[in-house]
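The lines below spell out each chain.
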Amino acid sequence: MSKSATLNVDGKSFEFEVITGSENEKCIDIQKLRSETGYITLDPGFGNTGSCFSSITYVDGAKGILQYRGYPIEDLAEKSTFVETAYLILYGELPKAEQLRDFSARLKEHAPLNTNLEHHFSGLPNNAPPMAILSAMLNLVSCFHPEVLEVPTTGAEFDRTASLLLSKVRTIAAFAYRMACGKPINHPNPNLTYCGNFLHMMFSDPYQEYEVSPIIDKALNLFLILHADHEQNCSTTTVRVVGSSRANLFSSVSAGVCALWGPLHGGANSAVIAMLEDIKDSGRPLTYYLDKAKDKNDSFRLMGFGHRVYKNFDPRSIILKKQVHSVLEALNINDNLLKIALELEEATLNDDYFVSRNLYPNVDFYSGLLLRAIGIPLNMYTVMFAIGRMPGWIANWKELHDHKLRISRPRQIYTGETARPYVSIAKR
Ligand code: ACO
């Protein structure tokens, strides 16, 4: 017999089904709450709201566990590539050799942008924020591929739409960077790997072809794998909410890019580096920043700390911290921001404010240091996050349609004026 939860309200008792997920997560199904009781639930920020069933990613915030399709993030980070992990997230299984070959071939085929789309980059100011360009261009891409404006109805249509998006996001990101530097764009090279091709488009110059170092290629793969999905976070929820109106995949992920841009979400990775630079340049003691972060009258927060779900170490930050050390060593770089970051982490671990609120380093705390080591410019950090998150956004958008979910439309508790007569302008 399935379990149920009882709610007593207005002297009556109501039963609601209790549902258990495959990792033993429990929820009370309140879909009939309003029609049966007249009440709604109130949960600003959705901290307790399950908005869907999903079989893509599992997070246990108390234990610091993250799995994509059941595979631990630690294993994928060590053994997989971004393209293989993207396939896993999109299709649910690790690809066989032939499937991976076909998928990679599709990504290569879709890497170039239509020449007319290329022209749009040159009309933008040099200091245009790359996240604004990325979001706009993702919408524009769909103008050149009208078939992606529809929800795919066959597997083949989905394969094409998903690989087109996954491939072109990388080209758009690199072109945006080249344009902002006033440098000529580099067209994709089909002989390179997914990450190698991105680095080539970013950094090759007319007389100096960028040589992709295996250390940097691996580090970039790892960065993208760690960002590939994270269940119902702010940007993924945005993609789902927009997609629930049956908006096409490109406009849905374009909205996801905008949600990611904010400093409390993906924008934190560049904000962390800005904060560490400020600590270095100002010469102020760490206690100054800790006190500022604790001061409720100050909006400053320690960037890269805290998480809605993780109340323990974010497993991605543990992997990234190790990786930053090994990449800096392999590339023989001495980054004094790493020393400051380690001291800051140590200081928070010994500070009751951070300990009592479970504020540990999140994915963004060490990811910027890794991107710095591999030569990615600061204004591209959140764009890198967006490239990495693309498989997760696409898979969540697809799952939304597979599950035939209703349009997203939360309720509210109205606290404004009650009904009153119109007052003519002369009497106001
Ligand atoms: N610095 C100082 N205090 C913090 C921080 C921080 N980074 N994060 C949370 N707190 C405090 C809050 O002030 C609050 O204190 P209170 O209980 O005394 O009022 C308490 O910790 C709980 O914080 P909330 O804001 O309620 O936590 P929420 O789950 O809503 O926010 C978030 C999570 C947005 C990540 C928050 O921790 C934060 O702002 N961190 C800094 C920005 C950041 O690193 N964002 C990246 C997150 S990971 C990602 O999106 C990829």
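This text goes with the structure placed above it.
Here the structure is a predicted model, which means the values were calculated and not measured. (Residues numbered from 1 in each chain as written. Predicted model: local features only at pLDDT ≥ 70, side-chain atom pairs only at ≥ 80, totals over all residues. Heavy atoms only, no water.)

**Details of the site of the ligand**
Next up, step 1: For the ligand, the set of nearby residues contains 21 residues, the closest of which are His 265, Arg 301, Leu 302, Gly 304 and Arg 308.
Next up, step 2: The separation between a nitrogen atom of the ligand and a polar side-chain atom of Tyr 353 is 2.9 Å.
Next up, step 3: Coverage of the ligand by the protein amounts to 76% of the 920 Å² it exposes when considered alone.
Next up, step 4: Grouping the constituent residues of the shell around the ligand by class yields 11 nonpolar, 5 polar and 5 charged. (Near = heavy atom within 4 Å. Polar contact = N/O pair within 3.5 Å; in protein donor to acceptor, adjacent residues only side chain to side chain. Areas by Shrake-Rupley, 256 points an atom, 1.4 Å probe, with all protein chains shown as cover. Nonpolar A, V, L, I, M, F, W, Y, C, P; charged D, E, K, R; others polar.)

**Points about the environment of Asp 335**
Next up, step 1: Position of Asp 335 among the secondary structure elements: in the loop between helix H14 (315-330) and helix H15 (336-349).
Next up, step 2: Judged by relative accessible area, which is 10%, Asp 335 ranks as buried.
Next up, step 3: Along the backbone, Asp 335 and Gly 368 are 33 residues apart, and their C-alpha atoms lie at a distance of 12 Å.
Next up, step 4: Excluding anything up to four places from it in sequence, Asp 335 contacts Leu 328, Leu 369 and Arg 372.
Next up, step 5: Polar side-chain contacts of Asp 335 include one of 2.9 Å to the backbone nitrogen of Leu 337.
Next up, step 6: Polar contacts involving the side chain of Asp 335 include one to the side chain of Arg 372, which spans 2.8 Å. (Helix = DSSP H or I, 4+ residues; strand = E, 2+ residues; numbered from the N terminus. Buried < 20%, exposed > 50% of the residue type's maximum accessible area, 1.4 Å probe, protein only. Contact = heavy atoms within 4.5 Å.)

**What to know about unusual backbone geometry**
Next up, step 1: Look at Asp 10: it is not a glycine, yet its phi comes out positive at around 50°.
Next up, step 2: Mapped onto the elements, Asp 10 comes out in the loop between strand S1 (4-9) and strand S2 (12-20).
Next up, step 3: For Arg 69, which is not a glycine, the phi torsion comes out positive at approximately 50°.
Next up, step 4: Here Arg 69 shows up in the loop between strand S5 (65-68) and strand S6 (71-72).

**Quick look at the pairing of S1**
Next up, step 1: Sheet topology note: the S1/S2 ladder contains 6 bridges and is antiparallel. Its bridge partner being in S2, Leu 7 is matched across the sheet by Phe 14.
Next up, step 2: Hairpin connection of S1 to S2: 2 residues between the antiparallel strands, including Asp 10 at a positive phi of 50°. (Pairing = 2+ DSSP bridges.)

**Looking at the nonpolar core**
Next up, step 1: Leu 276, Leu 302, Leu 344 and Ile 376 are the most contacted members of the largest nonpolar core, which has 109 residues in total.
Next up, step 2: Taken domain by domain, this core gets at least three of its residues from each of domain 2 (71-257 + 377-402) and domain 3 (268-374).
Next up, step 3: Sequence-distant contacts of Leu 302, defined by excluding residues within four places in its chain, comprise Met 275, Tyr 289, Leu 290, Ala 293, Leu 344, Thr 348 and Phe 354. (Core = buried A, V, L, I, M, F, W, Y, C linked by side-chain atoms within 4.5 Å. Domains from an automatic or database assignment.)

**Considerations on the side chain of Glu 84**
Next up, step 1: If you trace the backbone, Glu 84 turns up in helix H3 (residues 82-91).
Next up, step 2: No salt bridge is formed by the buried Glu 84. Its closest oppositely charged neighbour is Lys 79, at 10 Å.
Next up, step 3: In this structure Glu 84 touches Leu 94, Pro 95 and Leu 100, once residues within four positions along its chain are discounted. (Lys, Arg positive; Asp, Glu negative; His and termini not counted. Salt bridge = Lys/Arg side-chain N within 4 Å of Asp/Glu carboxyl O.)

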